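Examining the three-dimensional arrangement
Here are the chains, one letter per residue:
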Amino acid sequence: MTNDNIKLREMHMNDAVSLQILFDSCQDYAIFSDGQPFKSDAAITEFGNIPHGFEVEKKRVMGIFDVCNYLVGVLEGLAGYPDNETWFLGLMLIKPSHRSSGIGSSAFINLEAYVADESYKSIELAVIKDNIRGLEFWKKIGFKIIKELPFEKFGNKYHKRYLMRKSLTLQD
């Protein structure tokens, strides 16, 4: 999947070192979301981090690569979660030096095409309520707030989040 300045490629456990380097460069997000840095095994953990009873084969970790084939971000999601018509985006993380450059929008356009090609009807995500830039980004590309979720603990922090959805069909 490519779009002008980036391409997405599915990552696997053998890509854990590259993913860990990306996580290590994005400690600002880990501190914001969890109140602590990413752990040294965060990338390995990411490949197996799924809801109880969910099939690990439906977990997707997609690397975002720039024109020089350098890993500058990651998208993580669950195909067919929470239902068979939905693709749940659990994480979109862009290297700080590449934020606000259009890479996030381009990556999402590629992801949206991939998800639509897989016949899913919507994409859902949960954004931390205090993540104002993230919330505005998701609204700008067409996500709507579905509901506010109760406080939940992430690492050392508690957050309220908004559940957001973007329909991939014209009827919704």
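Cut-offs and rules
As a convention, each chain's residues are numbered from 1 in the sequence order in which they are written. Given that this is a predicted model, residues contribute local features only at a pLDDT of at least 70 and side-chain atom pairs are listed and counted only at 80 or more, while totals for whole chains, interfaces and linings are drawn from all residues. Side-chain figures throughout are based on the complete set of non-hydrogen atoms in the structure, without hydrogens or water. Comment: elements are numbered from the N terminus, with helices defined as DSSP H or I runs of at least four residues and strands as E runs of at least two. Only protein chains enter the accessibility calculation, which uses a 1.4 Å probe. A residue is then buried if its area is under 20% of the maximum for its type, exposed if over 50%, and partly exposed in between.

Positionally, Gly53 belongs in the loop between helix H3 (42–48) and strand E3 (59–66). According to the relative accessible area criterion, Gly53 is exposed, its value standing at 74%. Gly53 sits 28 residues away from Tyr81 along the chain, and the two C-alpha atoms are 11 Å apart.

A separate point is unusual backbone geometry. A cis amide bond links Tyr81 with the next residue in sequence, Pro82, at an omega value of 5°. Checked against the element boundaries, Pro82 lands in the loop between strand E4 (71–79) and strand E5 (86–94). Even without glycine at this site, Ser100 takes up a positive phi of about 60°. As for its placement among the helices and strands, Ser100 is situated in the loop between E5 and helix H4 (103–117). Positioned with a positive phi, Ser119 is a non-glycine residue whose angle comes to about 75°.

Fair warning: the whole summary comes from geometry, so function is off the table for now.
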